[in-house]
Amino acid sequence: MSFPHRHDLETTTLLSRHQGDETARSLEGWRGLGGYEALRKAIGMSPDEITEVVKASGLRGRGGAGFPTGLKWSFMPKDDGKPHYLCCNADESEPGAFKDREIIRWTPHLLIEGCLIGARAIGSAHAYIYVRGEFFEDTRYLTAAVTEAYEGGYIGDDIMGTGWSCDLTVHTGAGAYIAGEETGLMNSLMGNRAEPWAKPPFPAQAGAFGMPTTVNNVETLSTVPGIVTEGADWYTQWGTEKSPGTKLWCCSGHLVRPGNYEFELGIPLEDIIFEACGGTPSGKPVKAVIPGGSSTAFLTGDELDCSTTYEGMQEAGSSLGTASPIVMDEDTDIVAAMRRIAQFYAHESCGQCVQCREGTSWVVRILQRIEAGDGELKDIDTLYELCEQMTGRTICVLADSVVFPLRSSLDKFRGEYEARMSPSLVAVG
Amino acid sequence: MTNGEAKRAVTLTIDGTEITVPQGTRVIEAAERVGVVVPRYCYHPGIPTRPAQCRMCLVEVEGRPKLEPSCTLQAQDEMVVHTASDTAEKARQSVIEFLLVNHPLDCPICDAAGQCMLQDYAYVTNQLESRLNEPKQVMGRDRVADDILYFADRCIICTRCVRFMRDVAEDDALIVAQRGHKAYIDTFPGRELDNPFQGNIVDVCPVGALVHEDFVFKARSWDMDATTSICPGCTTGCNVTIDTKENQIVRLKPRYNPDVNSYWMCDHGRKHLVMTNRGVRAEVPMVSVDGALQPTDWERALDHVADLVDDASGANGAAIVSANASNEDLLLLLPLLGRLDVSSIVFRVPTGETAALPTVPKLQLRADRVANAYGLELLGAERVEELPALAEGAPLVVLDDLLEGADESFGATASPFIYLGTRLPAAARNADAVLPIATFAEMDGTFTNFEGRVQRFHQALTPPGLARPGWMVLSRLLARLGEGDPLSDIGAAFDRVAGTSEPYAGLTWDSIGLKGALVSGAGATAASMGSGS
Amino acid sequence: MSRKIHPSVVGAQPFQLTARETFDGPIFETPEGKERLEMALSRYPQKQAALLPMLHFVQEKKGWIEPDDMAQVAEALDLTPAYVHSIATFYTMYNKHPVGRHLVQVCTNISCHLNKGEEVLERFLAETGARQGEISDDGEFTVIEAECLGACGFATVVQVNDRYFEDVTPEKVADIVAELRSTAVGTEGGS
């Protein structure tokens, strides 16, 4: 196992400070690093106080959508007499993203602490961590940490003698990207197909096991202990007003130093790609970057001076997503890359909504044909039309997710598509 | 809402028409009240779960950024809905295009052709050309039950069938296997469906993916005639439609009646009637000449029977009627029996295993496998287990009982022995006259079900040969005996029932309508009849 | 590292495809089966939630899940066999067919695609002599193309049973296959 956190930039390491330090994995080591003090403090606070400080910190969900975390917690009903559940989304499956795995395997106690604080904030006595099934090794670290924490009195009954109790269960998935969608995750947790459901009911009304539930990402929850310890002002010293704090960046593709990096939000994307990651191994120019994981829109090599914030990436025509830039150098075949991305979505569609079930696989077949040199110019129009029809019409956003890269690749690399068209079929004049 | 304690009402506008509905009503149902049927696949009014997954019923709601599924969208005050705006129509058109990507377009050999919601909606979306330039995915065919085939390529994964089994029949034996474009409907490997109500999955299938094997290649939908009827398979009296082709019953389908069978029916009812296409029928009137039955015409036959009745003198006569006889048939039989001084009217009831549909309490396959046991009792007939012993020289009238269990000489000493029937069992050859009558499917009439609901059925088939409805034949015979005018109109025949039998007082053929009506005092008797199942 | 699991933590343990046991009799009447079922049931408010963990358990022991196993899981959790079949076929990690001693899953998704993932897959097929999805003649390998394994910074990523091989290049494949061949049954997991 290699430690991924390599950097040349001055980085801000709130989350990843202990990644690479094996002592952080054990309960003893974690406590030596000041572990579980945030939890102790949080148990001394009321649930509303915790929610307020997280609200004030401006922390936004790190799973891709960027919804304000404190606000999400405030949707949970109070004193309704029902069990509440916190689900930690560790079903990290977005192509390009590999940040949660690093948190899980290096600092499992940080995640546990975050889950318990989150559970306290929403009035939950049982938190579930839904880890994707493929993370065997990482799940071992996590379950070992949970075991130690139970034995040490940090999970379970009467935590740290405070009288507050909360259970925590690690639940492993079994191979389904769509289980990373919050309603899909809850369905999967309940032993169903990981099919997203149409809202309402919203998770805060009737989520896991029919009870009010909040689903938060691993990185989000792992950020919470720091905010609880140090306060909202401490957190907002980094980043921008709309995108405060720091963020883990998962850099992959054609890079000299791919890997996981933590930066203050707002630094230029090009600094991450060229300074931190050292640019392309071939030394050739960057042709394209998908900045937020494979379900975000392509940027060209000329569009990388954008600010790495939620609003900055939107301004640049893409989105921050899971902050997972996939870098492609000049020699990259965009049609093949796009075909491969589309294949993923066709494979992962749960199959409920028609546009997604049929649309994703149709897109793949068209792209395969173009890639094979049998395309026709009108295929480009068809693809645009499919993008239109697959946007905003379905229960969840999986269909939209293939549209973002597809449409932007057509917009920005149309020439590459056209160059692949069968010569006999290209219209004359 | 007029009863004062109703739920709060909300008023919304759908396609320019204002409508007030109870709170909680979904837009797709509110729209039906203003005559707008929003296209749909996964939504079925009889299946409680609404996954909103076919995306066909998306509608535009003013002030909302995205199209909304009208099957789950709750009607709200001041909501303005456009079911057929350009955006909504475009979205619907694209759903059809997507559904056709892998659909085999095998309509020429598909049994659902002509009654297919995919065909219908594809037709109205006005798409002249296919943009599909790829080979279609081929999945093939499977069997999900001993009598139901599944054509995976036609399937649009609306999951109505899965949800009928899970949420209505509460038998979670049919599922979606795999996912995405590889998804298909399946049972557990090596295990087929085994549920007495499974045939309904064929009815709910909006396309030709689920087909009854015995219906495959049997009839095009446009070659069939559909008739409103009642299933005679048991005393429940499920409302059905009889599909016929070339004067043969091809299939039965359930017809919605919230007070009886909801949208469903059992497989026993669905199948047993098709069997009546077979067998030899009594087609011509016959009278006994020198101890042998000779064919004749109606005039002579009826004259002959009238003479027999006039000449009858024996006491302690018997009448044996089929428990599938209509109320009108039995009612018109009563004056004849009066003339013959017959006071004992009996019927026998074959019974079988019961089966219940858990979520629709009234819908059961009841033990009594006959249509009109309750109706016959209301008119004074008595249920018996065995054929009655016959008094020598006494009159005997049989109304379509097939005389199972009778020996060959049954009725030989009766005088007279009048047999009205659809078929000719061996013992009927001892009759002095045989009058061929129509089956319930060949005439109009009423049955009264287990809880006292009188329900209309209509003529679906032409009777064979000279056979005519029993009530019609009897009214002509009675006219010859000086008892009223001949009847040709079922309404008039039912009026006689209503005018004679107290429980039916006040009802008319028209007022029964297509959903039936409870006879007076039905509740008390119904309880005993119902518990007999 | 310790494999000790606190009794109150659900038994959703990583599976060891190498063990390849068969159940002697009904799964949930074995002491381990009973214990794992009870442990799982204790962690959820509804019985059905133990479905994924119990399917994992079967696969952990046997390496794959056949219909009879699904029926047993169904019975243990008051579900229908058909329902369990639906779940088992939805999730790709459940092997519905037997696999070789080493289940090699090569990611060819975008980051790995950019780093010769397809070539790595080809090399694995060539080195093991297996056809994709089938067991090699020697029973050692099943090689399949996988979707994103969540380790994109270490492309190409290859998962062999419960172990990730990172930064795999086509050139490294021969050595990996040789190493896997040389491992004794039951020893290559648990790094």
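Each chain carries its own residue numbering, running from 1 in the written order of its sequence. Naming scheme: in the order in which they are written, chains are lettered from A and ligands are numbered from 1. The model is predicted, so local features are restricted to residues of pLDDT at least 70 and side-chain atom pairs to those at 80 or more, both for listing and for counting; the totals for chains, interfaces and linings are taken over all residues.

### Here we look at the overall build of chain C
Numbered from the N terminus, helices here are DSSP runs of H or I no shorter than four residues, and strands are runs of E no shorter than two. Per the secondary structure count, chain C includes seven helices and four strands. Per-residue burial over chain C gives 57% buried out of 191 residues. For the purpose of contact definition, each residue receives a C-beta atom placed from its backbone, and two residues are in contact when these atoms lie within 7 Å. Contacts in chain C between residues at least 24 apart in sequence constitute 63% of all its contacts with a sequence separation of at least 6. Any residue whose C-beta has 12 or fewer other C-beta atoms within 10 Å is treated as exposed, any with 20 or more as buried, and any in between as partly exposed, C-beta atoms being built from the backbone.

### Observations concerning the overall build of chain A
Check the secondary structure of chain A and you find 17 helices and nine strands. Taking 2.2 N^0.38 as the reference for a compact globule, 429 residues should give roughly 22 Å; the C-alpha atoms of chain A span a radius of gyration of 22 Å, in line with that estimate. Viewed in the frame of its principal axes, chain A has a C-alpha envelope of about 80 × 45 × 35 Å. Across the 429 residues of chain A, 63% fall into the buried class. Taking the intrachain contacts of chain A between residues at least 6 apart in sequence as the baseline, contacts between residues at least 24 apart amount to 71%. Each radius of gyration reported is based on C-alpha atoms, and the globular scaling rule is 2.2 Å times the count of residues to the power 0.38.

### Description of the environment of Pro254(B)
Residue and element names in this part refer to chain B. Tracing the backbone through its elements, the reader meets Pro254 in strand β13 (residues 248–254). Note on Pro254: 25 C-beta atoms within 10 Å, which makes it buried. Pro254 sits 24 residues away from Ile230 along the chain, and the two C-alpha atoms are 9.1 Å apart. If we skip the residues at most four places from it in the chain, Pro254 touches Asp203, Cys238, Asn239, Val240, Asn261, Tyr263, Trp264 and Met265.

### Here we look at the interface of chain B and chain C
On the chain C side, the residues contacting the 14 residues of chain B number nine residues. Considering every element that reaches the side of chain B that touches chain C, the biggest residue donor is strand β8 (residues 175–177) of chain B, with three residues. Asp, Glu, Lys and Arg are counted as charged, while Ala, Val, Leu, Ile, Met, Phe, Trp, Tyr, Cys and Pro are counted as nonpolar; the rest, among them Gly, fall into the polar class. Looking at side-chain class alone, the side of chain B that touches chain C contains seven nonpolar, three polar and four charged residues.

### Brief notes about the sheet that holds strand β2 (residues 126–131) of chain A
All names here are of chain A. Pairing is parallel across the open sheet formed by four strands, whose spatial order is β3-β2-β1-β4. Each edge of the open sheet carries a strand with a single partner, namely β3 (167–172) and β4 (213–217). When the angles between neighbouring strand axes are averaged without regard to direction, this sheet yields 20°. Of the pairings in the sheet, the one linking strand β1 (residues 85–90) to β2 comprises six bridges and is parallel in character. Counted as the bridge partner of Cys88 is Ile129 from β2. Here a strand pair is declared whenever DSSP counts at least two bridges between the two strands. Convention adopted: a line fitted to C-alpha atoms gives each axis, helices being fitted over their contacting stretch, and angles between N-to-C directions are expressed from 0 to 180 degrees.

### Brief notes about unusual backbone geometry
Of the consecutive residues Pro200(A) and Pro201(A), the connecting peptide bond is found in the cis state with omega at 5°. Summarising the element assignment, Pro201(A) is placed in the loop between α8 (182–189) and β4. Omega for the bond connecting Ser415(B) with Pro416(B) falls within 30 degrees of zero, at -5°, which places this linkage in the cis form. Its location among the elements puts Pro416(B) in the loop between β21 (396–399) and β22 (417–421). For Asp158(A), which is not glycine, the phi torsion reads 50° and is therefore positive. Along the chain, the position of Asp158(A) falls in the loop between α7 (136–151) and β3. Backbone geometry at Met160(A) places phi at a positive 50°, although glycine is not the residue there. With respect to the helices and strands, the residue Met160(A) is situated in the loop between α7 and β3. On the basis of neighbour counts, which here come to 13 C-beta atoms within 10 Å, the residue Met160(A) falls in the partly exposed class.

### Digging into the domain arrangement of chain C
Where each domain starts and ends comes from a domain assignment, either automatic or drawn from a database. In terms of domain boundaries, chain C breaks down into domain 1 (27–90) and domain 2 (102–182). Between the C-alpha centres of domain 1 of chain C and domain 2 of chain C there is a distance of 29 Å.

### Brief notes about the domain arrangement of chain A
Residue and element names in this part refer to chain A. Partitioning chain A into domains gives domain 1 (22–236), domain 2 (246–329) and domain 3 (334–422). In this assembly, eleven residues from domain 1 lie in contact with eight residues from domain 3. Across the side of domain 1 that touches domain 3, the residue classes break down as seven nonpolar, one polar and three charged.

### Re helix α1 (residues 31–41) of chain C
Residue and element names in this part refer to chain C. Every buried residue belonging to α1 is among Gly33, Arg36, Leu37, Met39 and Ala40, and all of these are buried. Down the axis of α1, the smallest arc covering the buried residues is 165°, so these residues share one side. In this fold, the buried residues of α1 make contact with α2 (51–62) and α3 (67–76). Of all possible arcs, the one meant is that of the directions from the helix axis to the C-beta atoms.

### Description of the nonpolar core
If you look at the biggest cluster of nonpolar residues, it comprises 360 residues, and the most contacted ones within it are Cys87(A), Cys88(A), Cys115(A), Ile129(A), Leu174(B), Leu51(C) and Met54(C). Looking at this core element by element, the count peaks at nine residues for helix α13 (residues 334–348) of chain A. Core membership is restricted to buried Ala, Val, Leu, Ile, Met, Phe, Trp, Tyr and Cys residues, and these are joined into a nonpolar core through C-beta atoms within 7 Å.

### Some thoughts on α8(A)
Think of an α-helix as turning once every 3.6 residues; residues three or four places apart then point the same way. Here α8(A) lies mainly inside the structure; eight of its eight residues are buried. Glu182(A), Thr183(A), Gly184(A), Leu185(A), Met186(A), Asn187(A), Ser188(A) and Leu189(A) are the residues of α8(A) that are buried. Elements in contact with the buried residues of α8(A): β1, β2, β3 and β4 of chain A together with α2 of chain C.

### Here we look at the sheet that holds strand β11 (residues 225–230) of chain B
Residues and elements named next belong to chain B. Read across the open sheet, the three strands follow the order β11-β12-β13; overall the sheet is antiparallel. The sheet is open, and its two edges are formed by β11 and β13, each paired on a single side. Going across the sheet, the axis of each strand differs from the next one's by a mean of 30°, ignoring polarity. The pairing of β11 with strand β12 (residues 239–245) spans six bridges and is antiparallel. Across the sheet, residue Ile230 finds its bridge partner in β12, namely Asn239.

### Some details on the interface of chain A and chain C
Interfaces are frequently sized by the accessible area removed from exposure as the parts join. Each side of the interface is counted separately: chain A has 56 residues, and chain C has 47 residues. The greatest single-element share of the side of chain A that touches chain C, amounting to ten residues, is contributed by α7(A). Among the residues forming the side of chain A that touches chain C, the class breakdown is 25 nonpolar, 21 polar and ten charged.

### Focus: the confidence of the model for chain C
Residue and element names in this part refer to chain C. Per-residue confidence from the predictor is reported as pLDDT, which spans 0 to 100. For chain C, mean pLDDT is 87; residues scoring 70 or higher make up 85% of the total. Here residues 1–18 is modelled with pLDDT under 50, and outside its nearest four sequence neighbours on either side it reaches 57 contacts, counting other chains as well. Note on the complex model: pTM 0.94, ipTM 0.94.

### Topic: the environment of Thr500(B)
Residues and elements named next belong to chain B. Positionally, Thr500 belongs in helix α11 (residues 490–500). Note on Thr500: 14 C-beta atoms within 10 Å, which makes it partly exposed. Separated by 169 residues in the primary sequence, Thr500 and Leu331 have C-alpha atoms spaced 8.2 Å apart.

### Quick notes on the packing of α13(A) against helix α14 (residues 354–371) of chain A
Residues and elements named next belong to chain A. Packing of α13 against α14 leaves a shortest axis separation of 9 Å and a crossing angle of 155°. The orientation of α13 with respect to α14, classified from their angle, is roughly antiparallel. In terms of crossing hand, the pair formed by α13 and α14 is left-handed. Side by side, α13 and α14 meet where Val335, Ala336, Met338, Arg339, Ala342, Gln343, Tyr345 and Ala346 of the first sit next to Thr360, Ser361, Val363, Val364, Leu367, Gln368, Ile370 and Glu371 of the second. When an angle is under 35 degrees it counts as roughly parallel; over 145 it counts as roughly antiparallel; between 65 and 115 it counts as roughly perpendicular; any other value is oblique. Two helices crossing with the near one rotated counterclockwise from the far one by less than a right angle form a left-handed crossing, whereas a clockwise rotation gives a right-handed crossing.

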